[in-house]
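The chain contents come next:
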Amino acid sequence: MKIPRSLATHLMQRALRHEDSPLLALIDGQRLNYIDDTAEWQHKAVEAPAAIRVYNQHPEAQQATEELPAQDGERRIEIFQDTEGVFGLRAYRIEGKLATPVTLEFEEGS
């Protein structure tokens, strides 16, 4: 999965400021749209199935993601922080009911 490096950087910066709250966004082409309301995010994600669904590990964001019906080929990016303090982005593609990890590549100049 490819996204502009500038979007990835922006996501990481925003995630650092929102560690204790849900962070939900959609990447549609070159546009990064943050959505504060989980119901609105779910609605917009269904309306734009080609958009990449972005969420952090906050329980509300995780629940909003789990409640969405999975679609084959759907793309997701999880903003994570593990117990050792590693912070980053994980990309997944939905195949059937499984979220399969995929390589996240950053495009320059966007």
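Residues numbered from 1 in each chain as written. Predicted model: local features only at pLDDT ≥ 70, side-chain atom pairs only at ≥ 80, totals over all residues. Heavy atoms only, no water.

Q: Could you give an account of the sheet that holds strand β4 (residues 52–56), with specific residues and numbers?
A: If you trace the six strands from one edge of the open sheet to the other, you get β3-β2-β4-β5-β6-β7, paired in mixed fashion. A strand with exactly one partner marks an edge of an open sheet, and here the two such strands are β3 (31–34) and β7 (98–102). Averaged over all pairs of adjacent strands, the angle between strand axes in this sheet comes to 30°, irrespective of strand direction. Note: strand β2 (residues 24–28) against β4, four bridges, orientation antiparallel. Across the sheet, I27 pairs through a bridge with I52, a residue of β4. (Pairing = 2+ DSSP bridges. Helix = DSSP H or I, 4+ residues; strand = E, 2+ residues; numbered from the N terminus. Axes fitted to C-alpha atoms, helices over the stretch in contact; angles between N-to-C directions.)

Q: So what's going on with the packing of aromatic side chains? Which residues, and what values?
A: Applying the stated criterion to the full structure yields zero aromatic pairs. The ring centre of F80 lies 3.8 Å from the NZ or CZ of R90, which sits over that ring. (Phe/Tyr/Trp six-rings, centres within 6.5 Å; stacked < 30°, edge-to-face > 60°. Lys NZ or Arg CZ within 6 Å of the ring centre and 35° of its normal.)

Q: Kindly report on the environment of H43, identifying the contributing residues and their values.
A: Following the sequence through the fold, H43 ends up in helix α2 (residues 38–47). Measuring from C-alpha to C-alpha, the distance between H43 and L68 comes to 9.1 Å, with 25 residues separating the pair along the chain.

Q: Any details on α2? Residues and values, ideally.
A: When α2 is considered as a whole, its buried residues turn out to be W41, Q42 and A45. Angularly, the buried residues of α2 cover 100° about the axis, an arc narrow enough to put them on a single face. Buried residues belonging to α2 abut β2, β4 and α3 (59–67). The backbone nitrogen of A39 has a side-chain oxygen 3.3 Å away, supplied by the residue at the start of α2, namely D37. (Buried < 20%, exposed > 50% of the residue type's maximum accessible area, 1.4 Å probe, protein only. Arc of directions from axis to C-beta. Contact = heavy atoms within 4.5 Å. Polar contact = N/O pair within 3.5 Å; in protein donor to acceptor, adjacent residues only side chain to side chain.)

Q: Lay out the pattern of salt bridges in plain terms, naming residues and giving numbers.
A: Per the stated rule, a full pass over the model turns up five salt bridges. Ionic pairing is found between R5 and E108, a salt bridge with its closest N-O pair at 2.5 Å. Here E108 lies in the segment after β8 (105–107) and R5 lies in helix α1 (residues 5–17), a separation of 103 residues in the sequence. The exposed category is assigned to E108, whose relative accessible area is 55%. In this structure, the salt-bridge partner of R53 is E74, at a minimum N-O distance of 3.0 Å. Of this pair, R53 sits in strand β4 while E74 sits in the loop between α3 and β5 (75–81), and the two are 21 residues apart along the sequence. (Salt bridge = Lys/Arg side-chain N within 4 Å of Asp/Glu carboxyl O.)

Q: Describe α1, listing the residues and the values that go with them.
A: Here α1 spans 19 Å end to end across 13 residues, near enough to the 18 Å set by a 1.5 Å rise per residue. Along α1, the positions that sit buried rather than exposed are L7, A8, L11, M12, R14 and A15. One side of α1 carries all its buried residues, which in axial view fall inside an arc of 165°. (Expected span 1.5 Å × (residues − 1).)

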